[in-house]
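Summary of the model geometry
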Amino acid sequence: MSLRVCSLQMIWADPETADHRLENTEQLEGKIALARRDPLEKEGPRTGFVDKVCRMVQAGASAVILVNNTDELIAPWKWKNDNFDAELIKVPVVCVRESAGQYFSSGNFCKIRFQHASPPFFENPASIFGAETILELLGNDAEASRVSGEETMDWVIENEDELLIEDLMPLGFNLSSSLQKDIRELKEEMEENLRFFNSSPEQTLKHYKRCCHCFMDALISLQHIDKTIMQIADLAAMHDVADSMGNGFWAQLRVVSCCLKKLRKKTAAITSERESVFFGTRIKSLLYPLESYLKILEILKELLQLTLSFNNPDAETQGGELVATTGSLRTSSSEGRTSLFFTHIPLESAIEKLSDIDLSVLYGDMHGYQYPSRLKHFLRMVLLAAASYSRSYEKHHSDHLLTQLASAYYHGVGFLMKPVKKGRRIAQQYGSADVKFVKSFWNLTELPVAKRFAAVVGANVEVSREIVIDGSRPISMRRAGAEDVFVSIAPTEEECRLFCGEGYVAPLRVKARLISFRCLQGQEVEGRSALGISWGNTKQLKPPSPFLILHFHGGGFIAQSSASHEVYLRDWAKALEAPILSVDYDLAPEHPFPVAVCQAFFAYCWALAHASTLGSTAKSVICVGDSAGGNLAATVAIRALQLGIKPPAGVVMLYPALYLHLTPSPSRILAMMDPLLPLGNLQLCMDAYANRFASIYGKFSAMLHLDPSSRLSEADDPKEDAKIRKWLAILSPLIAPDEILRDFPSCAVMASELDPLLDDSIMFIRRMRNLGRVKDVKLKVAPCLPHGWLNMYFVGDKGSLSSSKEAISWMKQLLSNGLAGQHHEVEVEERRQQEGSPPPPPPPPASSPPAEAADLWVPVEDLPTPNKQPGETAEERKNMEEERSISQFH
Ligand SMILES: CCCCCCCC/C=C\CCCCCCCC(=O)O[C@H]1CC[C@@]2(C)C(=CC[C@H]3[C@@H]4CC[C@H]([C@H](C)CCCC(C)C)[C@@]4(C)CC[C@@H]32)C1
């Protein structure tokens, strides 16, 4: 039986049953350890799986496979015992049937894949390292068991493209030790090559000399890197949030790890070909990638060094108006962890240090090396488009779009042939980004052809219609908990002029798009669905959904629209069977902060007031947003809490921007090499959106970040102080006041590992947890994904696909929780009792039994489904009819 490429070696424990002290502990280190279940006929006490696993983990195994003694599948947690120290088990464990065990019995290599699945293997999820990980064995006909709830399920494995284990491994998973090993082995192989080329009789040949130089340079380059890596790894571990591994430090190690892997691969290629007669002719193509990766390694070393120097407390004395003394944004004083943001580093000095680095090699041939293969190809295409579009924009930006596109096509072919030139072009373009160009490039997704694409690729939906919400009259919203107190909400606020300039005239409408899988009652316009199908008898339409999703698209606040995000929105609408209202807020720099926030909030209020026209009873409303839209989703909730209006039942933020302040952090430093959101573009979005605001109130961002209780107004005026806080909170949810975040709705944040904004999410979750928000605040860091992956799953990348599915299941859960009237109120209630304040009015009677309050993230299947909740009484229908008549569709 042929086994496929190996990533980790599989080794049987000695004894194979691992029922007493292991004889081969040294061999097991860093490998996948296998152990058998005790034979049925064994005399004396049987050893449980948990003990076996602990033994192998203590020996340093990276993962464990337990082999049953029958052809049945078993679930490891059933062997839980009282002495079980869950803390010890930090690796994925999986059970396989006996026949699968035989398959590995020759101690072969095997490729393994880690995949996310819900329930962990043992009962204490937080204790399992990479808790949501299962181990999947890839082989011709290997089978691995997948534990799901109380059952075990067969997992039939198809052959797949080659996957590197690191591609899918949870963050922090042995990364630093695997890095050390890679460096050691790489050094050994390079030294061996150096000896070979030095002692060869042909050593005087030009290409032999070139090889010698290359390996010598490489060995020098690798000299002190391990120490730096260890320092970064220590910091990384210090900044992890409970059960979710991930922060900018880990991400930095990941890109280094990928680079070392590539170097090993390229060195191995030279080792295997160096004695071939054709070596002389192949040398160029063999050395070129090796040299390029060495250049990349040099860049990475600089980034790591820079990060360490920023992190060093000595940096505090180096100047800048703000000095981090004790790092007051600690997650807990006992842990003494400081913030991931280097608030004490003045931006100019950070940028200056980074701007000296030549990045062209990163955008040439080797670009995207750190991503899984499908994404890599897609990102390369985007980069090629960026290079050629920038060239054509330079020449033809005032010409017709078609001329621009034709010219871009022409230059694209040129860049395809000359990747080095392409690299230089992009590095130059990213270094001196101009908002008009970036806007115009990002808005390529708005071309009609791209819109067609959504209809072809996304799910078929019956309703996808633009809506214009009239904003000429404010909406009156009832204050939560008060019978007759109303707040008037307008699409822009008085103070807007302060940040948008005196002459700014705010649009008196908000655009949005309604997407619904089926045309529901209330959504039809003049008896027709969006596709023009006549719904002669509207009674035949499905009843309105109890759910409503408010969506805010990303695009750096400067570009894109609901249309360019329609591919995934259609899929969501189908999977969740809930109408989605995606808000097309007006974009910066023409409409700077806080216009987008005001419009987003106005749309939220309008949707609550006119839910029936959207095909919803709005029993459970959640806000969702990606990237810049993630920021808006959070600010809508914050604004609602500030004004005392009912906040959404949940907020889902996908790779959100939560701290809009030009402060470096490890992940933001990594933006230096980001293909989609390079540093220059981040800065540019920030400037376009909040330049004027930042010049007035920006200095307070860092103060609040360091110490949320700082005094802000110089004259010690509490009114002024509250005003500044209010605006800062709706710009950067991360620095919202404690009392707002305590009442913030249940939320889920999905960050991605290779995203410049990763640290925003980590710090936000840390802050929430610090405020006691543990049960209903969820974080996941999707491994090896770039920023903006939601828009990429159609390229077939498995990581994006599974993360999208997970995001859908989170939304489902929040919607269902909202329906059951069970969101963060449980915790708010607890806190109020502690504080001795009177309890709020009882929540409206839930139409279905609330799930266990102990854990708000119960399996989705256990919660009421939307279909069971038509929420349609005769009275409601009447109300809806009335509301429809005042609908403000244009
Ligand atoms: C050390 C110094 C530290 C300084 C730190 C500065 C930090 C500033 C802090 C906060 C600022 C926050 C600003 C807001 C962030 C916004 C995030 C934000 O919203 O980012 C999104 C911006 C749009 C985009 C890039 C994206 C995702 C997907 C991208 C799309 C993928 C394909 C699309 C191409 C045009 C397709 C071309 C196809 C071709 C025709 C073949 C492309 C590239 C369009 C753009 C998007 C992420």
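This one's a predicted model, so the numbers in the text were calculated from it and none came from an experiment.

**Considerations on the sheet that holds strand 16 (residues 650-654)**
Reading across the sheet, the 8 strands line up as 9-12-14-13-15-16-17-18 and stay open at both edges, with mixed pairing between neighbours. Two strands lie at the open edges of the sheet, namely strand 9 (463-470) and strand 18 (777-786), each paired on one side alone. Across the sheet, the mean angle from the axis of one strand to that of its neighbour is 20 degrees, orientation sign disregarded. The sheet contact formed by strand 17 (residues 746-754) and strand 18 spans 7 bridges and is parallel. Its bridge partner being in strand 18, S752 is matched across the sheet by A782. Across the sheet, helix 20 (residues 628-643) is in contact with strand 13 (545-552), strand 15 (616-626) and strand 16; its angle to strand 15 comes to roughly 135 degrees.

**Digging into the site of the ligand**
The immediate surroundings of the ligand are formed by 30 residues, with W442, G555, G556, S627 and H787 found nearest. The contact in question runs from an oxygen atom of the ligand to an N or O atom on the backbone of G555, over 2.9 Å. Within the side chain of S627, an N or O atom sits 2.4 Å from an oxygen atom of the ligand. Every element with two or more residues in the shell around the ligand is listed here: helix 10 (347-355), helix 12 (373-396), helix 15 (435-442) and helix 22 (679-706). Across the shell around the ligand, the residue classes break down as 19 nonpolar, 10 polar and 1 charged. Looking at which domains feed residues into the shell around the ligand, each of domain 3 (363-432) and domain 4 (433-890) gives three or more.

**A closer look at the packing of aromatic side chains**
Going through the model one piece at a time under the given rule, you end up with 28 aromatic pairs. Arranged with centres 4.8 Å apart and planes meeting at 70 degrees, the rings of F499 and F693 form a pair that is edge-to-face. Linking F499 in helix 17 (residues 496-500) with F693 in helix 22, this pair joins segments that are 194 residues apart in sequence. For F693, a relative accessible area of 1% gives the class buried. These aromatic residues form a ring-pair network of at least three members: F499, F557, F593, Y689, F693, Y697, F700 and W727.

**Thoughts on the domain arrangement of the protein chain**
We note that the domain assignment places domain 1 (8-163), domain 2 (175-362), domain 3 (363-432) and domain 4 (433-890) within the protein chain. Contact residues are listed per partner, giving 41 residues for domain 2 and 38 residues for domain 4. In total, about 3500 Å² of surface goes out of reach between domain 2 and domain 4, with carbon and sulfur atoms giving 74% of it. Viewed at the interface, domain 4 and domain 2 are joined by 1 salt bridge. The partner of E753 in a salt bridge is R254, with the nearest N and O atoms 2.7 Å apart. Where domain 2 touches domain 4, the interface holds 6 residue pairs in polar contact (both at pLDDT 80 or more).

**Observations regarding the pattern of salt bridges**
For the structure shown, the criterion picks out 21 salt bridges. Here E185 and R264 are joined by a salt bridge, their closest N and O atoms 2.7 Å apart. Residue E185 is located in helix 5 (residues 175-199), and its partner R264 is located in helix 8 (residues 248-273); the two are separated by 79 residues in the primary sequence. R264 gets classed as partly exposed once you look at its relative accessible area, which sits at 25%.

**Regarding the nonpolar core**
With 218 residues, the main nonpolar core has Y369, L550, W572, L654, Y689, F744 and F764 as its most contacted residues. Counting residues per element, this core draws most heavily on helix 9 (residues 279-311), which supplies 16 residues. Among the nonpolar cores identified, the runner-up in size contains 15 residues, and L28, A35, V57 and V64 belong to it.

**Describing unusual backbone geometry**
A cis amide bond links D14 to the next residue, P15, at an omega of 0 degrees. In this structure, P594 follows F593 across a cis peptide bond, with omega equal to 5 degrees. Inspection of the secondary structure puts P594 in the loop between strand 14 (580-584) and helix 19 (595-609). Even without a glycine there, the phi angle at A18 is positive, about 50 degrees. By secondary structure assignment, the location of A18 is in the loop between strand 1 (8-12) and helix 1 (25-28). Taking relative accessible area as the criterion, A18 reaches 0% and is therefore assigned buried.

**Some details on the packing of helix 12 against helix 15**
Where helix 12 contacts helix 15, the two axes come as close as 11 Å, and the packing angle between them is 130 degrees. As judged from the angle between their axes, helix 12 and helix 15 are oblique. When you trace helix 12 past helix 15, the crossing you get is right-handed. Residues V382, A385, A386, Y389, S390 and Y393 of helix 12 touch helix 15, and the partners they reach there are K436, F437, S440 and F441. Residues of the contact of helix 12 with helix 15, tallied by class, amount to 7 nonpolar, 2 polar and 1 charged.

**Regarding a nonpolar patch on the surface**
On the surface, Y409, V413, L416 and M417 cluster together to form a nonpolar patch covering roughly 500 Å² of accessible area. With respect to the element layout, V413 can be found in helix 13 (residues 401-417). A relative accessible area of 41% means that V413 is categorised as partly exposed.

**Brief notes about empty space enclosed by the protein**
Applying the stated criterion across every chain yields a total of 2 cavities of 30 Å³ or more. As a volume, the largest cavity reaches approximately 70 Å³. What lines the largest cavity is V255, Q370, Y371, S667, L670, A671, M673, D674, P675, L754, D755 and P756. Grouping the amino acids of the lining of the largest cavity by side-chain chemistry returns 8 nonpolar, 2 polar and 2 charged. Considering only enclosed or pocket space, the second largest cavity measures out at about 50 Å³ in volume. For the lining of the second largest cavity, the secondary-structure elements that each account for two or more residues are helix 14 (419-431) and helix 15. Broken down by element, the lining of the second largest cavity gets its largest block of residues, 4 residues, from helix 15. Here the lining of the second largest cavity is built from residues that sort into 7 nonpolar, 2 polar and no charged. Here the lining of the second largest cavity gathers at least three residues from each of two domains, domain 3 (363-432) and domain 4 (433-890).

Basis of the calculations
Residues numbered from 1 in each chain as written. Predicted model: local features only at pLDDT ≥ 70, side-chain atom pairs only at ≥ 80, totals over all residues. Heavy atoms only, no water. Pairing = 2+ DSSP bridges. Helix = DSSP H or I, 4+ residues; strand = E, 2+ residues; numbered from the N terminus. Axes fitted to C-alpha atoms, helices over the stretch in contact; angles between N-to-C directions. Contact = heavy atoms within 4.5 Å. Near = heavy atom within 4 Å. Polar contact = N/O pair within 3.5 Å; in protein donor to acceptor, adjacent residues only side chain to side chain. Nonpolar A, V, L, I, M, F, W, Y, C, P; charged D, E, K, R; others polar. Domains from an automatic or database assignment. Phe/Tyr/Trp six-rings, centres within 6.5 Å; stacked < 30°, edge-to-face > 60°. Buried < 20%, exposed > 50% of the residue type's maximum accessible area, 1.4 Å probe, protein only. Buried area = accessible area lost by both parts, 1.4 Å probe. Salt bridge = Lys/Arg side-chain N within 4 Å of Asp/Glu carboxyl O. Core = buried A, V, L, I, M, F, W, Y, C linked by side-chain atoms within 4.5 Å. Parallel < 35°, antiparallel > 145°, perpendicular 65-115°, else oblique. Left-handed = near helix turned anticlockwise from the far one by under 90°. Patch = residues over 30% accessible without salt bridge, like charges linked within 9 Å, V, L, I, M, F, W, Y side chains within 5 Å. Areas by Shrake-Rupley, 256 points an atom, 1.4 Å probe, with all protein chains shown as cover. 1 Å grid on protein atoms, 1.4 Å probe; cavity = no way out; pocket = protein on both sides within 12 Å on 5 of 7 lines; lining within 4 Å. Points joined across faces, edges and corners; volume = space filled by probe spheres on them.

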